[in-house]
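Coordinate inspection notes
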Amino acid sequence: MEKEISKKGLLAEFPPVSKEVWMTKVKEDLKGQDFEKRLVYQAIEGFKVAPFYTAEDSANPLIKTYENSGNLIPEIPGLGYRHWNNTVKITDVNPNKEALAVLNAGAEALVFEVTEQTDVTTLLKDVLLAYCPVWFEVKGDVLGFAEKLSAYFAASETAASDIKGGLILDPLMQQAKGSSLAIELKDLFEILGSYSSFKVLTIDIAAYHNAGATAVQELGFGLAQLVQYMDDLTEAGLSSKDIAEKVAFNMASGGNYFMEIAKFKAMRILAHQIFAAYQAGLKPEDIWINAETSYWTKSLFDSYNNMLRNTTEAMAAILGGANAVLVHPHDQVLGLPSTFSKRISRNVSTILREESYLDKVMDPTAGTYLLEQLIDSLVKNAWQLFEEVEAGGGWLEHWSSGKIMAAIANTRAEKHFKIHLRKDSVIGANQYPSMNESISEKEVNADFGQNQYLTAARATAYLEHLRMQSTQQTLKVHLLLMGQGPMVKARAGFATNFFESMGVKVTLGKDGLDLSKASQEAKSANVDLIVLCGADETYQSDALSVLETLKDSKAKICLAGNLPDLKGSLEDKGLYRFIHRDTDVVTFGQELLSELSYEA
């Protein structure tokens with residue numbers, strides 16, 4: 001007979017533990033190390049993140065009022081409480097054929113690239129508008145396309161209120177990206193105004209993310225854009241309610257999992273606060289947020305890692321309350337996606353719904369202490385940034401003065417620097433790169449990002465550019481093992497990762513050789529670089545003699561480690577550089593390639 005245990009009775013076996021008790025235990029385990037320096041994380045967003053939180057860390061009560069409010073309960077029987085559209089972007093030369101194929105293979109919403117010349121009837125043939133939201137990226141005459149689309153909707157048998165989707169249109173962001181879009185938004189609202197669930201304006205917050213911005217910058221600048229549009233359109237005679245109902249947000253989901261969940265939740269809270277200030281009458285669940293996987297996080301080499309990145313990014317967007325999720329193919333940075341990559345990306349949402357059951361609970365992260373703190377910090381910091389922009393004259397003034405671009409360029413440089421120091425790991429790029437992979441020459445300069453316009457960049461672009469340069473010069477490195485032991489192994493592993501992330505072939509010296517034989521082995525290796533790998537005490541006693549043995553070698557000599565006291569004497573004996581955890585691999589690699597090329 002099963003014994004029934006009440007919740008109260010079960011928990012009674014575990015006495016409550018206060019935060020003070022937790023802190024006492026943590027400090028005991030740290031054995032004198034500073035808690036703040038050792039365990040508190042300084043987020044690039046500008047605030048600190050503790051290693052743990054408890055119920056005593058009460059968040060802003062405002063955050064609690066938004067729990068379980070991110071999604072309308074679906075009217076279609078059988079759908080879970082947490083529903084999102086599995087969105088697919090159509091790229092085939094026969095868009096209608098691909099659209100119908102993906103709808104029969106799990107897609108639930110479509111994104112089309114169109115112009116004013118697009119035949120809407122042919123494009124949307126057999127697409128059931130009542131069940132499939134359709135989104136359009138318009139190139140060219142937006143008003144002309146909108147009129148054609150409105151006529152098609154009117155002629156269809158679908159009720160106006162059932163037509164969903166919208167235009168992926170953000171004139172301010174077009175300006176930020178370096179192109180202009182001359183359009184009267186008021187006219188566009190009037191043309192498509194009778195379709196209550198069809199959005200006219202989609203604020204492209206993803207563009208900030210893909211240019212290298214922090215979550216706070218995405219939210220703060222995105223809010224400033226929203227207010228710019230609200231002010232301009234209300235001055236043009238539209239009501240706040242009509243504007244708000246026609247606005248959607250497009251956000252990118254990045255690799256910092258919990259921060260990204262919090263970012264999506266914070267966006268809904270902040271947007272609702274703005275709409276409330278304009279008395280637009282929207283509920284939090286009425287706000288539509290499209291999500292897409294990040295371009296910034298995707299690597300050119302070892303692109304199968306991008307599948308994993310796509311999955312965690314989609315999960316973060318879903319748990320953060322996104323209404324639709326577009327998973328880009330994992331090989332998108334290589335050019336046009338393959339049939340395989342498109343199928344895999346399309347199936348991510350299906351797997352997360354049908355096998356991971358992420359749709360079964362309305363708000364599975366509600367009540368999570370960590371996320372409450374992250375949401376609160378993002379809301380406060382983003383609101384502060386938004387107020388700074390408003391005090392400086394609003395989004396347009398802030399953009400025209402170059403302040404937005406300068407802030408994002410600085411953040412992007414900081415992010416790149418951390419990756420180049422390998423303090424932020426990117427598997428397959430700056431950690432554990434695959435040396436068996438070869439990719440034909442590809443121009444990656446466009447992915448560095450610009451300082452004038454808000455163009456997409458990637459975290460690993462500089463590393464990949466360096467790797468291609470190194471591969472062309474066929475550089476070779478030999479690791480000279482100075483003894484045995486854990487430190488020798490650790491530094492050899494560090495050096496291997498360091499140089500392979502540059503695309504340089506590394507050979508490991510034989511283990512167990514005495515220093516004389518190890519030095520002779522290195523001299524005969526016929527390489528461009530020899531790296532000494534040993535313990536500090538071995539460097540102190542033997543590094544000078546090893547350098548003396550290697551003085552006739554044509555290779556440059558590096559040492560894995562950081563010994564400032566030995567720097568002068570070792571350099572006098574011919575040491576080229578120290579490499580250690582504070583060495584920027586990209587700067588080092590560029591200087592090395594330049595010197596070797598000059599010497600050749």
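Everything here concerns the structure above.
Given the structure is predicted, the values throughout are model-derived calculations rather than measurements.

1. Observations regarding the overall build of the protein
- Along the protein, the regular secondary structure elements total 24 helices and 16 strands.
- Projected onto its principal axes, the C-alpha coordinates of the protein cover approximately 85 × 65 × 60 Å.
- For the protein, the residues scored as buried account for 52% of the 600 residues in total.
- Taking contacts inside the protein between residues at least 6 apart in sequence as the whole, the part at least 24 apart equals 75%.
- Accessible surface, the protein as shown: approximately 28,200 Å² in total, 51% of it carbon and sulfur.
- Of the side chains in the protein, 58 bear a positive and 78 a negative charge, and the two mean positions are spaced by 5 Å.

2. Describing the nonpolar core
- With 111 residues, the main nonpolar core has Phe136, Leu167, Phe249 and Phe275 as its most contacted residues.
- The residues touching Phe136, leaving out its near neighbours within four places in the chain, are Phe112, Val114, Leu123, Leu124, Phe145, Leu149, Gly166, Leu167, Ile168 and Phe198.
- Counting 53 residues, the second largest nonpolar core, distinct from the first, contains Leu466, Ala522, Val527 and Val585.

3. A short note on the packing of aromatic side chains
- The tally for this structure, following the rule as stated, stands at 17 aromatic pairs.
- A ring pair is formed by Phe249 and Phe275, whose centres lie 6.5 Å apart and whose planes are at 50°; its orientation type is tilted. Residue Phe249 is located in strand E9 (residues 247-253), and its partner Phe275 is located in helix H13 (residues 257-277); the two are separated by 26 residues in the primary sequence.
- Taking relative accessible area as the criterion, Phe249 reaches 0% and is therefore assigned buried.
- Among the residues examined, Phe275 registers a relative accessible area of 1% and is labelled buried.
- Directly above the aromatic system of Phe494 lies the positively charged group of Arg422, at a separation of 4.7 Å from the ring centroid.
- The aromatic ring of Phe301 is capped on one face by Arg467, whose charged end is 4.0 Å from the ring centroid.

4. A short note on a negative patch on the surface
- Residues Asp141, Glu147, Glu184, Asp187 and Glu190 make up a contiguous surface patch of negative charge.
- Mapped onto the elements of the fold, Glu184 is located in the loop between helix H8 (171-176) and helix H9 (185-191).

5. Things to note about the environment of Gln373
- Positionally, Gln373 belongs in helix H16 (residues 369-391).
- Accessibility expressed as a relative area gives 15% for Gln373, which makes it buried.
- For the pair formed by Gln373 and Lys177, sequence separation is 196 residues and the distance between their alpha carbons is 33 Å.
- With near-sequence residues (within four places) excluded, Gln373 lies in contact with Tyr53, Asp57, Ser58 and Ala59.
- At a separation of 2.7 Å, a polar atom in the side chain of Gln373 contacts the main-chain carbonyl oxygen of Asp57.

6. Section: the pairing of strand E4 (residues 109-115)
- Buried residues dominate E4, accounting for five of its seven residues.
- One ladder, built from three bridges, connects strand E3 (residues 85-89) with E4; its direction is parallel. For Lys89, the partnering residue across the bridge sits in E4 and is Val111.
- Direction of pairing for E4 relative to strand E5 (residues 134-139): parallel, over a ladder of six bridges. Residue pairing in the sheet places Val114 in a bridge with Val138 of E5.

7. Looking at the sheet that holds strand E15 (residues 556-560)
- An order of E13-E12-E14-E15-E16 is seen for the five strands of this open sheet, with the pairing classed as parallel. In this open sheet, the two edge strands, each paired with only one partner strand, are strand E13 (505-508) and strand E16 (575-579). The average angle at which neighbouring strand axes cross in this sheet is 25°, direction not considered.
- Of the pairings in the sheet, the one linking E15 to E16 comprises four bridges and is parallel in character. Bridged to Leu559 within E16 is Phe578.
- Along the sheet, helix H20 (residues 486-500) contacts strand E12 (476-481), E13, strand E14 (529-533), E15 and E16; its crossing angle with E14, the most-contacted strand, is approximately 150°.

8. Some thoughts on the packing of helix H11 (residues 215-235) against H13
- Between H11 and H13, whose axes approach to 10 Å, the crossing angle comes to 25°. Here H11 is positioned roughly parallel relative to H13, judged by the angle of their axes. At the point where H11 passes H13, the crossing takes the right-handed sense. Contacts between H11 and H13 involve Ala215, Glu218, Leu219, Leu223, Leu226, Val227 and Met230 from the first element and Met259, Lys263, Ala266, Met267, Leu270, Ala271, Ile274 and Phe275 from the second.
- For the contact of H11 with H13, a count of residues per class yields 13 nonpolar, no polar and two charged.

9. Description of a nonpolar patch on the surface
- Residues Val17, Val21 and Trp22 make up a contiguous nonpolar surface patch of about 280 Å² in total accessible area.
- Here Val17 shows up in the loop between helix H1 (7-12) and helix H2 (19-30).

10. Some remarks on unusual backbone geometry
- Unlike most non-glycine residues, Asp126 shows phi in positive territory, near 70°.
- Checked against the element boundaries, Asp126 lands in the loop between helix H6 (120-123) and E5.
- Even without being glycine, Gln279 reaches a positive phi, approximately 55°.
- By secondary structure assignment, the location of Gln279 is in the loop between H13 and strand E10 (288-293).
- Of the residues examined, Gln279 reaches a relative accessible area of 70% and is grouped as exposed.

11. Focus: the pattern of salt bridges
- Taken as a whole, this structure holds 26 salt bridges when the rule is applied.
- One salt bridge in this structure joins Glu548 and Lys573, with 2.9 Å as the shortest N-O distance. Of this pair, Glu548 sits in helix H22 (residues 536-549) while Lys573 sits in the loop between helix H23 (567-572) and E16; the two residues are 25 residues apart in sequence, bridging distant segments of the chain.
- Here Glu548 falls in the partly exposed class, since its relative accessible area comes to 33%.
- On the basis of relative accessible area, Lys573 is assigned to the partly exposed category, the value being 38%.
- The residue Lys556 makes a salt bridge to Glu595 at a minimum N-O spacing of 3.5 Å. Separated by 39 residues along the polypeptide, Lys556 in strand E15 and Glu595 in helix H24 (residues 585-599) bring together distant segments of the chain.
- Note on Glu595: relative accessible area 27%, which makes it partly exposed.

12. Some details on the pairing of strand E8 (residues 201-204)
- Across the two faces of E8 the burial is the same, with Leu201 and Ile203 and Thr202 and Asp204 all buried.
- Relative to E9, E8 is paired through four bridges, and the arrangement is parallel. Each bridged residue has a counterpart across the sheet, and for Leu201 the counterpart in E9 is Val247.

13. Describing the environment of Ala146
- Within the element layout of this structure, Ala146 appears in helix H7 (residues 142-155).
- When the C-alpha positions of Ala146 and Phe136 are compared, they lie 9.9 Å apart, and in sequence the two are ten residues distant.
- If we ignore the near neighbours within four places in the chain, the residues touching Ala146 are Leu188, Ile191 and Leu192.

Here is what the cut-offs are and how they apply
Residues numbered from 1 in each chain as written. Predicted model: local features only at pLDDT ≥ 70, side-chain atom pairs only at ≥ 80, totals over all residues. Heavy atoms only, no water. Helix = DSSP H or I, 4+ residues; strand = E, 2+ residues; numbered from the N terminus. Buried < 20%, exposed > 50% of the residue type's maximum accessible area, 1.4 Å probe, protein only. Contact = heavy atoms within 4.5 Å. Areas by Shrake-Rupley, 256 points an atom, 1.4 Å probe, with all protein chains shown as cover. Lys, Arg positive; Asp, Glu negative; His and termini not counted. Charge placed at Lys NZ, Arg CZ, Asp CG, Glu CD. Core = buried A, V, L, I, M, F, W, Y, C linked by side-chain atoms within 4.5 Å. Phe/Tyr/Trp six-rings, centres within 6.5 Å; stacked < 30°, edge-to-face > 60°. Lys NZ or Arg CZ within 6 Å of the ring centre and 35° of its normal. Patch = residues over 30% accessible without salt bridge, like charges linked within 9 Å, V, L, I, M, F, W, Y side chains within 5 Å. Salt bridge = Lys/Arg side-chain N within 4 Å of Asp/Glu carboxyl O. Polar contact = N/O pair within 3.5 Å; in protein donor to acceptor, adjacent residues only side chain to side chain. Pairing = 2+ DSSP bridges. Axes fitted to C-alpha atoms, helices over the stretch in contact; angles between N-to-C directions. Parallel < 35°, antiparallel > 145°, perpendicular 65-115°, else oblique. Left-handed = near helix turned anticlockwise from the far one by under 90°. Nonpolar A, V, L, I, M, F, W, Y, C, P; charged D, E, K, R; others polar.

Geometry only, nothing functional implied.
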